[in-house]
Amino acid sequence: MKSGARPPMLFWVVAFVILASDLVTKRIVEVRLLPIPPVSVFGDWLQLRLVYNEGAAFGLDLGPYSRWIFMVLAVIAIVLLFRLSRGSTPGDTLRQLACGLVAGGAAGNLLDRLRHAHGVVDFIDVGIGSHRWPTFNVADMGVSVGAILLAISLWMEDARRRREESASAPIASP
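These numbers were taken from a predicted model, which means no experiment stands behind them.

S.K.: Help me get a handle on the overall build of the protein chain, residues and values and all.
M.R.: Regarding its fold elements, the protein chain presents four helices and four strands. A compact globule built from 174 residues would reach a C-alpha radius of gyration of about 16 Å, whereas the protein chain, at 20 Å, exceeds it by more than 25%. Reported as C-alpha extents along the three principal axes, the dimensions of the protein chain are approximately 75 × 35 × 30 Å. Taken over 174 residues, the protein chain has a buried fraction of 36%. Pairs at least 24 apart in sequence give 69% of the contacts found in the protein chain among residues at least 6 apart. For the protein chain, the accessible surface area stands at approximately 10700 Å², while carbon and sulfur atoms represent 70% of it.

In structure tokens:
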């Protein structure tokens, strides 16, 4: 894609859907749920529990400036994803989907950090008994799935380039 070209519509649509879904679900959770007790959705395996996370994924905390550090990192990530989307090959649907998922998720958690000094709203609690995955939200799902898809997209592009290079390399004769 030419430099300065607009990212394909898929990037914007996916980013908006993730951001809107994240904002709506967080608002519902904040209005309807109390931090304790959790609401069982599927036995002990899936619960809804209101948690405010001041750190990043899995509760990663960088001290008293965590909020500001993660806000800056989110803005940088969104800008880089926008540029990656804009610079991708036309028709690269997987890359557009991946960038949109991560950008929408990063924007959702960024807005939480701007809205609340007490952290990002997390509410999906998965596990069995005392063995629980860290509580997460829709934005986190977008970031996680998008990051995996982006890695696959980059790997596929690298494999394609290698095939093209080996196909165009001159064959040495004995």
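S.K.: Outline the pairing of strand β2 (residues 46-53), listing residues and values.
M.R.: The pairing of strand β1 (residues 39-42) with β2 spans three bridges and is classified as antiparallel. Across the sheet, residue Ser40 finds its bridge partner in β2, namely Gln47. Hairpin geometry of β1 and β2 is characterised by an intervening segment of three residues between the two adjacent antiparallel strands and by a positive phi of about 60 degrees at Gly43. By the bridge criterion, six bridges tie β2 to strand β3 (residues 120-128) in an arrangement that is antiparallel. Along β3, the bridge assignment pairs Gln47 with Asp125.

S.K.: Give a description of helix α2 (residues 66-86) that names residues and reports values.
M.R.: Since there are 3.6 residues in each turn of an α-helix, residues three or four apart along the chain are aligned in direction. Along its 21 residues, α2 runs 30 Å from first to last C-alpha, staying within 8% of the 30 Å computed at 1.5 Å per residue. Inspection of α2 places Ser66, Phe70, Met71, Ala74, Leu81 and Ser85 among the buried residues, and these make up the whole buried set. Taken end-on, α2 shows its buried residues confined to a sector of 125 degrees, consistent with a single buried face. Those residues of α2 that are exposed and aimed more than 90 degrees away from the buried face are Leu80 and Arg83. Those residues of α2 that are buried lie in contact with α1 (9-32), α3 (93-115) and α4 (138-168).

Calculation notes
- Counting restarts for each chain: residues are numbered from 1 in the order of the written sequence.
- In keeping with the predicted nature of the model, local features appear solely for residues at pLDDT of at least 70, side-chain atom pairs appear and are counted solely at 80 or more, and the whole-chain, interface and lining totals rest on all residues.
- Excluded from the side-chain calculation are hydrogens and water; included are all heavy atoms of the structure.
- Secondary structure elements follow DSSP: runs of H or I of four or more residues count as helices, runs of E of two or more count as strands, with numbering from the N terminus.
- For a compact globule the rule gives 2.2 Å times the number of residues to the power 0.38, and the radius of gyration it is set against comes from C-alpha atoms.
- We call a residue buried when its accessible area falls under 20% of the maximum for its residue type, exposed when it is over 50%, and partly exposed in between, using a 1.4 Å probe and counting protein chains only.
- Residues count as neighbours in contact if any of their non-hydrogen atoms are within 4.5 Å of one another.
- Residue-level accessible areas treat just the shown protein chains as cover; the underlying method is Shrake-Rupley with a 1.4 Å probe.
- When DSSP locates at least two bridges between a pair of strands, those strands are taken to pair.
- Expected helix span is taken as 1.5 Å per residue step, with the number of steps being one fewer than the number of residues.
- The arc under discussion is defined with respect to the helix axis, by the directions toward the C-beta atoms.

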